[in-house]
Amino acid sequence: MTTTTARKPDETVEPQQGKVGAPLFEVFIRSQNGLNHRHVGSLQAPDAKTALLNARDVYTRRNEGASIWVVESSKITASSPSEKGPLYDPSTSKIYRHPTFYCIPDDAGAI
Amino acid sequence: MYAQMIASQASDEDPKRLAAFQKRIDAGEKIEPKDWMPSEYRKTLIRQIGQHAHSEIVGQLPEGNWITRAPTLERKAILLAKVQDEAGHGLYLYCAAETLGISRDQLTEMLLDGRMKYSSIFNYPTLTWADIGAIGWLVDGAAIMNQVPLQRTSFGPYARAMIRICKEESFHQRQGFDIMMKMCNGSKEQKTMAQNALDRFWYPSLMMFGPSDSDSIHSEQSMAWKIKMNSNDELRQKFVDQTVPQANLLRLTVPDPNLKWKDKRKGYDFTMPDWDEFLAVINGNGPCNADRLSARKKAWTEGQWVRDGLQAHAKKNANIMIAAE
């Protein structure tokens, strides 16, 4: 399976010219305890510590966060859209993985 | 709008691929950065999102003019918060544009050397405090009119940026109207100031939606790709119909002798702005174009040492960490 790095332009993008600025970070925020961190966006920062501070300013100005994660975008390995078939098709035929596949008489009660 | 006169044309790629792409869009699917997309779709989006982002950033300047002169500490805090939001909006949009394979530095350089534009509206000066009210009420009001439908645009990162922006934008419009209400209920001088602000910002606000549909540059392709959701005239009409009753509520007069409610079509007849003025402003000859661009250039050049310093610090710390391992 070939993988590509998130945000790396695919083959249809003209290659970037000119200087590239500070690295890109993806920002994840837990809006309250008990919930998952959720991807909210990205930002550029020279290092992770600054990225965290910037994320605080950009993404939590209205109490949206209880916790922030930042991760350099280049560290993320992402699947490619062209792999959609091989990756996900095998699961579509396995309908027996869903509870609704089985007919159980009403008399059986809670099951 | 915040993005004006964005022409789009059909791509000359494999018709089969184009048709499959169009089918996805028609089915309401979102296009994500790594999906295949026609090169014209990508190019048009870069121009549109880039112009939109530049507008958010340049849009801070007319309002920034009044931060030190806001009439009360509370108004000052509110205006600061609004201007800070605009910086955030610019950032969301630059990030969305970057997923299309262009860097933020490239976009900034294109703004500074005049290859990219920003909305015509930010080339008008803010002469009095009432202008800050008029901007929030009219300019942010017009922006919302355009941005709400764009939340459903076909390009995922753009749609998501719009959702975040719209969430924050309604405070902007309301704080502007709040300023106008205060001034309209104030002294005679304050009311006059509010009326003057409406007089000066009315037509430039109407220009934000871009030229009339009949004179508009080709946007059929953008419509089909769901990059543009409504026609310029459609949104302008909606804006006028929404704003005139608000002006009445403020007991202000919209500076248009031809303004008339038409029962039959349930909308106002109104005078179009001066399109020659619009073209002059968008082509660099508005009252503040030179000021705005030189302010951006100054910020970019004089901020270079900060960006360099941060990078150097990050590099040094990374080296220290490696040495400690």
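Residues numbered from 1 in each chain as written. Chains lettered and ligands numbered in written order. Predicted model: local features only at pLDDT ≥ 70, side-chain atom pairs only at ≥ 80, totals over all residues. Heavy atoms only, no water.

A. Here's a closer look at the packing of aromatic side chains. All names here are of chain B. Counted under the stated rule, the structure contains 14 aromatic pairs over all chains. Measuring from centroid to centroid gives 5.5 Å for W275 and F278, while their planes differ by 85 degrees, and the two rings are edge-to-face. Taken together, the residues span about one helical turn, with W275 and F278 both in helix α11 (residues 275–285) at a distance of 3 residues. By the burial criterion, W275 is buried, and F278 matches it. Three or more aromatic residues joined by ring pairs form one cluster here, namely F21, W36, Y41, F155 and W225. Seen from the ring of W66, R69 lies directly overhead, with NZ or CZ sitting 4.8 Å from the centre. (Phe/Tyr/Trp six-rings, centres within 6.5 Å; stacked < 30°, edge-to-face > 60°. Helix = DSSP H or I, 4+ residues; strand = E, 2+ residues; numbered from the N terminus. Buried < 20%, exposed > 50% of the residue type's maximum accessible area, 1.4 Å probe, protein only. Lys NZ or Arg CZ within 6 Å of the ring centre and 35° of its normal.)

B. Representation of the side chain of R164 of chain B within the structure. Structurally, the position occupied by R164 of chain B is in helix α7 (residues 156–184). It turns out R164 of chain B is buried and unbridged, and the closest side chain with the opposite charge, E64 of chain A, is 4.5 Å from it. (Lys, Arg positive; Asp, Glu negative; His and termini not counted. Salt bridge = Lys/Arg side-chain N within 4 Å of Asp/Glu carboxyl O.)

C. Here's a closer look at the environment of R292 of chain B. Residue and element names in this part refer to chain B. Assignment of secondary structure puts R292 in helix α12 (residues 289–302). Overall, R292 belongs to the buried group, its relative accessible area being 9%. Note: C-alpha distance between R292 and P125 (167 residues apart in sequence) is 9.9 Å. Not counting residues within four places of it along the chain, the set of residues in contact with R292 comprises V58, L61, P62, Y118, F122, N123, Y124 and P125. (Contact = heavy atoms within 4.5 Å.)

D. Up close: the nonpolar core. All names here are of chain B. Formed by 51 residues in total, the largest nonpolar core has its most connected members in W129, W137, V139, F201, W202, F239 and L252. At the level of elements, α4 (73–98), α6 (129–150), α7, α8 (188–207), α10 (232–249) and α11 are the ones that each hand at least two residues to this core. Counting residues per element, this core draws most heavily on α6, at 11 residues. Setting aside residues no more than four positions away along its own chain, V139 makes contact with Y2, I121, F122, A134, F201, S205 and M208. Residues L18, W36, L45 and I57 belong to the second largest nonpolar core, which totals 41 residues. (Core = buried A, V, L, I, M, F, W, Y, C linked by side-chain atoms within 4.5 Å.)

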